[in-house]
Amino acid sequence: MASVPSKLYSDDVSLVMVLLDTNPFFWTTSSLPFSQFLAQVLAFLNSMLLLNQLNQVVVIATGYNSCDYIYDSSSAPNHSSEDARLPALYSNLLQKLEEFMIRDEKLGKEEPRGKLASSLLSGSLSMALCYIQRVFRSGPLHPQPRILCLQGSPDGPEQYVAVMNAIFSAQRSMVPIDSCYVGAHNSAFLQQASYITGGVYVKPQHLDGLFQYLVTVFATDLHSRSFLQLPRPAGVDFRASCFCHKMTIDMGYICSVCLSIFCKHHKKCSTCGSVFGQAQSDNTSASDRKRKAPET
């Protein structure tokens, strides 16, 4: 019996959606200069395109105030042309990246006091998933899609709901989310994203060798990963953010109707309006309350 024809080109053809963190509040305090980070990322993107002529790379800039598409290899000039050398190949990317960072800075949000500002990860994840869905509907053949988050900014608890919705959408579409986190501490959002969607989470120990991490771990296609021993995180931070104060909590109250999470008890759910039951304030056991109940 003939098998159903696949919509994929082949097992080793990839569509890589790269989410590039451009948050200026992070890069001004990072030990790795943004110029060195970008140079290693560009070399990695070039390597991806050299591995297979059918590979496609799309770069989405993730700023503090906004996010936008800045590069799409499917609309770039032919790689075999004379002007396809690395500086010329990404000249359009660098120009659009500069224009994006200028626009993002002009949106006028100031740096929050007391903590480092987070980037708009939820927006870039949503844009990547929308692009992938468009590819799914574009024709009978398409490469195997995956998302690669190159993130350094800390998690924004106020984005918890939007990020988790994007993660579950990627899981349903069978789109792995790979994560390369270059910040000081681990990212709970990216750890959960990679764990839930079957991606790979890596926090490089030596940022000077970031290109080696990218090539050895994230350049491999999904089919080849089954033959490799990829790094696994020691643990995953499953803590959630409360809906009332947007803070990361270890324990809280959950609405049984819409599953909203709160750090303190409320009389009414602020999301769906359901009325919460009053907690028992006495220490009376269930058997004692049954004996006190009137008989019918």
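Everything that follows concerns the structure shown earlier in this document.
In this report, the structure presented in the accompanying data block is examined. As the structure is a prediction and not an experimental result, all values here were calculated from the model.

## Notes on the overall build of the protein
Line of reasoning, step 1. If you tally the helices and strands in the protein, you get 9 helices and 10 strands.
Line of reasoning, step 2. Buried positions account for 45% of the 296 residues belonging to the protein.
Line of reasoning, step 3. For the protein, long-range pairs separated by at least 24 residues make up 66% of all intrachain contacts whose partners lie at least 6 apart in sequence.
Line of reasoning, step 4. Of the roughly 16900 Å² of accessible surface on the protein, 54% is carried by carbon and sulfur atoms.

## Details of the packing of helix 2 (residues 34-51) against helix 4 (residues 91-106)
Line of reasoning, step 1. The interhelical angle for the contact between helix 2 and helix 4, taken along N-to-C directions, is 140°, at an axis separation of 13 Å. Of the possible angle classes, the one that applies to helix 2 and helix 4 is oblique. For the pair helix 2 and helix 4, the sense of crossing is right-handed. On helix 4, the residues that touch Phe34, Leu38, Leu42 and Leu45 of helix 2 are Leu93, Leu94, Leu97 and Met101.
Line of reasoning, step 2. Looking at the contact of helix 2 with helix 4 residue by residue, the class counts come to 8 nonpolar, no polar and no charged.

## Comments concerning the side chain of threonine 220
Line of reasoning, step 1. For threonine 220, the position within the fold is in the loop between helix 8 (210-218) and strand 7 (240-241).
Line of reasoning, step 2. Its relative accessible area of 15% is what places threonine 220 among the buried residues.
Line of reasoning, step 3. Within the local environment of threonine 220, its side chain forms a polar contact with the backbone oxygen of valine 217, the two atoms lying 3.1 Å apart.

## Examining empty space enclosed by the protein
Line of reasoning, step 1. Overall, the coordinates contain 1 cavity of 30 Å³ or more when judged by the stated rule.
Line of reasoning, step 2. Roughly 40 Å³ of internal volume is contained in the largest cavity.
Line of reasoning, step 3. Lining the largest cavity are Ser118, Ser119, Leu121, Gln151, Ser153, Pro154, Asp155, Gly156, Gln159 and Phe189.

## Structural notes on the layout of surface pockets
Picture a little ball the size of a water molecule; that probe, rolled over the atoms, points out where space is still empty.
Line of reasoning, step 1. Taken as a whole, the largest pocket encloses approximately 480 Å³ of empty space.
Line of reasoning, step 2. Looking at the largest pocket, it is lined by 24 residues, and the ones nearest its centre are Pro154, Asp155, Tyr181, His185 and Asn186.
Line of reasoning, step 3. Ranked by residues supplied to the lining of the largest pocket, first place goes to helix 7 (residues 188-197) with 3 residues.
Line of reasoning, step 4. Split into classes, the residues belonging to the lining of the largest pocket amount to 10 nonpolar, 11 polar and 3 charged.
Line of reasoning, step 5. Both domains that meet at the lining of the largest pocket, namely domain 1 (14-108 + 116-226) and domain 2 (239-277), each give it at least three residues.

## Observations regarding the pattern of salt bridges
Line of reasoning, step 1. One pass over the structure, following the stated rule, counts 3 salt bridges.
Line of reasoning, step 2. The shortest N-O distance in the salt bridge between aspartate 68 and arginine 103 comes to 3.1 Å. With aspartate 68 in strand 3 (residues 67-72) and arginine 103 in helix 4, this pair connects stretches of sequence that are 35 residues apart.
Line of reasoning, step 3. Overall, the relative accessible area of 27% leaves aspartate 68 in the partly exposed class.
Line of reasoning, step 4. Residue class for arginine 103 comes out partly exposed when judged on its relative accessible area of 40%.
Line of reasoning, step 5. Close ionic contact of aspartate 178 with arginine 146 constitutes a salt bridge, the shortest N to O distance being 3.7 Å. Of this pair, aspartate 178 sits in strand 5 (residues 177-181) while arginine 146 sits in strand 4 (residues 144-151), placing them 32 residues apart in sequence.

## With respect to the packing of helix 2 against helix 8
Line of reasoning, step 1. With their axes 9 Å apart at the nearest point, helix 2 and helix 8 run at an angle of 30° to one another. Here helix 2 is positioned roughly parallel relative to helix 8, judged by the angle of their axes. Viewed along their axes, helix 2 and helix 8 form a crossing whose handedness is right-handed. On helix 8, the residues touching Phe37, Gln40, Val41, Ala43, Phe44, Ser47 and Met48 of helix 2 are Leu210, Phe211, Leu214, Val215 and Phe218.
Line of reasoning, step 2. Residues belonging to the contact of helix 2 with helix 8 are distributed by class as follows: 10 nonpolar, 2 polar and no charged.

About the thresholds
Residues numbered from 1 in each chain as written. Predicted model: local features only at pLDDT ≥ 70, side-chain atom pairs only at ≥ 80, totals over all residues. Heavy atoms only, no water. Helix = DSSP H or I, 4+ residues; strand = E, 2+ residues; numbered from the N terminus. Buried < 20%, exposed > 50% of the residue type's maximum accessible area, 1.4 Å probe, protein only. Contact = heavy atoms within 4.5 Å. Areas by Shrake-Rupley, 256 points an atom, 1.4 Å probe, with all protein chains shown as cover. Axes fitted to C-alpha atoms, helices over the stretch in contact; angles between N-to-C directions. Parallel < 35°, antiparallel > 145°, perpendicular 65-115°, else oblique. Left-handed = near helix turned anticlockwise from the far one by under 90°. Nonpolar A, V, L, I, M, F, W, Y, C, P; charged D, E, K, R; others polar. Polar contact = N/O pair within 3.5 Å; in protein donor to acceptor, adjacent residues only side chain to side chain. 1 Å grid on protein atoms, 1.4 Å probe; cavity = no way out; pocket = protein on both sides within 12 Å on 5 of 7 lines; lining within 4 Å. Points joined across faces, edges and corners; volume = space filled by probe spheres on them. Domains from an automatic or database assignment. Salt bridge = Lys/Arg side-chain N within 4 Å of Asp/Glu carboxyl O.

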